[in-house]
Amino acid sequence: MPEPYWPKKKGSYTLADAARNSSHARLRCRYCKTERWYLVEELVEAFGSIECDDLVYGRRWRCRKCGMEDTIEMSLENPPAANLQEIRLRRLDGIVNIRRVLWRDE
Ligand SMILES: [Zn+2]
């Protein structure tokens, strides 16, 4: 069953909540209609348990296909097994921690 919306009250729905109820997240560009599928549990791994709203609206996602910014919308879904074969999942391939060196003058 598609479950496209989550409660809009601030602080009410995190990615961890989403992972309990939904297996997949569909991120879709409103402009060019490209969609990509992710596993919700991997979004938790990548971003921590932030709020769903913050993931979509707080990160200024840019669509890699058309280059537009802030056009990505997310829906949480549990695709039926029969549909899973048609879905091209974007899997988490690794997390790189970048080491930055900061200097100060004295
Ligand atoms: Zn796009």
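Residues numbered from 1 in each chain as written. Predicted model: local features only at pLDDT ≥ 70, side-chain atom pairs only at ≥ 80, totals over all residues. Heavy atoms only, no water.

On to the overall build of the chain. Within the chain, the secondary structure is distributed over four helices and four strands. Ordered by position from the N terminus, the helices and strands of the chain form the series β-α-β-β-α-α-β-α. Every one of the 106 residues in the chain was classed for burial, and the buried ones make up 31%. (Helix = DSSP H or I, 4+ residues; strand = E, 2+ residues; numbered from the N terminus. Buried < 20%, exposed > 50% of the residue type's maximum accessible area, 1.4 Å probe, protein only.)

For the zinc ion, the protein coordination sphere consists of C29 (SG), C32 (SG), C63 (SG) and C66 (SG), at 2.3 Å. Geometry at the zinc ion is tetrahedral, judged from the four donor atoms that bind it and their angles of 105 to 114° at the metal. On the primary sequence, the residues serving as donors to the zinc ion are separated as C-x2-C-x30-C-x2-C. Of this pair, C32 sits in the loop between β2 (24–29) and β3 (35–39) while C66 sits in the loop between α3 (52–57) and β4 (72–77), placing them 34 residues apart in sequence. Overall, the relative accessible area of 29% leaves C66 in the partly exposed class. (Donors = N, O, S within 2.8 Å, 3.2 Å for Na, K, Ca; no water. Tetrahedral: all angles 85-135°; square planar, octahedral: opposite > 155°, others 65-115°.)

Where β2 meets β3, five bridges bridge the pair, whose relative direction is antiparallel. Residue A25 lies in a different strand from β3, and its bridge partner there is Y38. Linking β2 to β3, which pair antiparallel, is a turn of five residues; within it K33 sits at a positive phi near 70°. (Pairing = 2+ DSSP bridges.)

Moving on to unusual backbone geometry. Its identity is not glycine, yet K33 carries a phi of approximately 70°, on the positive side. As for its position among the elements, K33 is in the loop between β2 and β3. For D70, which is not glycine, the phi dihedral falls at a positive 60°. For D70, the position within the fold is in the loop between α3 and β4.

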